[in-house]
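# Secondary and tertiary structure notes
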Amino acid sequence: MLDWREWFSAGSGIDRVQGFITPRSVRAIRSILEHQDRVSVGGSIAEIGTFRGKTFIGLAAATRDGERVVGIDIFPDDVQQSLINSAREVLSEDQQKRILLAKRDSSSLEFFEWARLIGEKARFVHVDGNHTNLAVRYDIMLAASHIAKGGVVLIDDFLHDWYPDVTEGIIEALKVIPNIAPVAVIPRSGKLLNGGTKLLCVERSAIEDYRNLMISEFSELRPRRIMLAGATVTAFMNAD
């Protein structure tokens, strides 16, 4: 059985799977999952934009008995089989049984279909799908529509140099979604092509818990409070 803490660690199996994620994003995911274990936040886990499973496999390992992990992607060419092969190498049979893969464009999913796929309300949704304004807006709305109390929506490629329209779409969505709010900007580390900045959004009852969690996790960085999409968000000075 794969320990998700090991997967989301430097020099671990995550480095063997093709994809894009920075060390700070790995730290943020690990910290969030640890917090959810400590305070018993329950629910499904989902990822929009699964690709070959670099993040998804670790999320699958983090599921508990009775939980489900859902991966949604258009899965071109051999991508889905590559993910399945990588998962079989490291996940136990029980962990593999919790996986549900949907070969779909997320923008084609109705809200009731999303809820049916996810099952129990989600405690963690990673949004890394189609990089356009309209697509990311819809993905965030899907994620927020079936989120658990204390759950999070972690959005990839916020403030990305190559996709400024994604940032615009993220902000536009968050201005109108009532049940989640942005809490912290997770700055990228290293080269942009290694992975982008993420924006942590949370179910509103847990805002300060997750804000304090990120400030503690990135204690080596200088925090600053800003206003974003009508919410108070913690940003960090990034010297990279």
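This report concerns the structure included in the present document. Within every chain, residues take consecutive numbers counted from 1 along the sequence as written. Only residues with pLDDT of 70 or above have their local features reported here, since the model is predicted, and side-chain atom pairs are shown and tallied only from 80 upward, although totals for entire chains, interfaces and linings are computed over all residues. As a rule here, side-chain values cover all heavy atoms of the structure and leave hydrogens and water aside.

So, about the pairing of strand β9 (residues 231-236). Put simply, side chains in a regular strand alternate between the two faces of the sheet. Buried means the residue's accessible area, taken with a 1.4 Å probe over protein chains only, is under 20% of the maximum for its type, while exposed means over 50%, and partly exposed covers the values in between. Counting from the N terminus, the helices are the DSSP runs of H or I reaching at least four residues and the strands are the DSSP runs of E reaching at least two. The element β9 is largely enclosed, with a buried count of 5 among its 6 residues. Bridge count between strand β8 (residues 223-228) and β9: 6 bridges; the pairing is antiparallel. Paired with Pro-223 across the strands is Phe-236, a residue of β9. When DSSP finds two or more bridges between two strands, those strands count as paired. The hairpin turn running from β8 into β9, its antiparallel successor, is 2 residues long, and Ala-229 in that turn takes a positive phi close to 55°.

Glancing now at the packing of helix α7 (residues 133-145) against helix α8 (residues 164-176). In this analysis an axis means a line fitted to C-alpha atoms, helices contributing only their contacting stretch, and an angle means the value between N-to-C directions, from 0 to 180 degrees. Where α7 contacts α8, the two axes come as close as 8 Å, and the packing angle between them is 35°. Here α7 runs over α8; the crossing is right-handed. Taken together, the residues of α8 that come into contact with α7 (itself represented by Asn-133, Val-136, Arg-137, Ile-140 and Met-141) are Asp-165, Val-166, Glu-168, Gly-169, Ile-170, Glu-172, Ala-173, Leu-174 and Val-176. Two helices that cross are described as forming a left-handed crossing if the nearer one is turned anticlockwise from the farther one by less than a right angle, and a right-handed crossing if clockwise. Between two residues, a contact is recorded if the distance between any of their heavy atoms is within 4.5 Å.

Buried within helix α9 (residues 207-217) are the following residues: Ile-207, Tyr-210, Arg-211, Leu-213 and Met-214. Down the axis of α9, the buried side of the element spans an arc of 160°, and every buried residue falls inside it. Tucked into the core, α9 has its buried residues touching α2 (23-38), β5 (147-158), β6 (180-186), β7 (197-203), β8 and β9. This arc is built from the directions going out from the helix axis to the C-beta atoms.

Moving on, we get to α2. What a helix is expected to span follows from its residue count: subtract one and scale by 1.5 Å. Along its 16 residues, α2 runs 23 Å from first to last C-alpha, staying within 8% of the 22 Å computed at 1.5 Å per residue. All buried positions along α2 are accounted for by Arg-24, Ser-25, Val-26, Ala-28, Ile-29, Ser-31, Ile-32, Leu-33, His-35 and Gln-36. Phi turns positive one or two residues past the end of α2, at Ser-40, with a value near 60°.

The pairing test for Phe, Tyr and Trp rings, Trp by its six-membered ring, is centres within 6.5 Å, and the orientation test on the planes gives stacked under 30 degrees, edge-to-face over 60, and tilted for anything in between. Per the stated rule, a full pass over the model turns up 2 aromatic pairs. An angle of 65° between the planes, with centres 5.5 Å apart, marks the rings of Phe-111 and Tyr-138 as edge-to-face. Here the residue Phe-111 occupies a position in helix α6 (residues 111-118), and Tyr-138 occupies one in helix α7, the gap between them amounting to 27 residues.

What follows covers the pattern of salt bridges. Think of a salt bridge as a Lys or Arg side-chain nitrogen and an Asp or Glu carboxyl oxygen that are within 4 Å of each other. Taken as a whole and judged by the stated rule, the model has 15 salt bridges. As a salt-bridge pair, Asp-78 and Arg-52 come within 3.4 Å of each other at their nearest N and O atoms. Residue Asp-78 is located in the loop between β2 (69-73) and α4 (79-90), and its partner Arg-52 is located in the loop between β1 (44-48) and α3 (56-61); the two are separated by 26 residues in the primary sequence. Taking the relative accessible area as the measure of exposure, Asp-78 reaches 46% and is therefore partly exposed. For the salt bridge of Arg-64 with Glu-67, the shortest nitrogen-to-oxygen distance reads 2.9 Å. Take Arg-64: its relative accessible area is 25%, and that puts it in the partly exposed class.

Without other data, these values stay purely geometric and don't point to any function.
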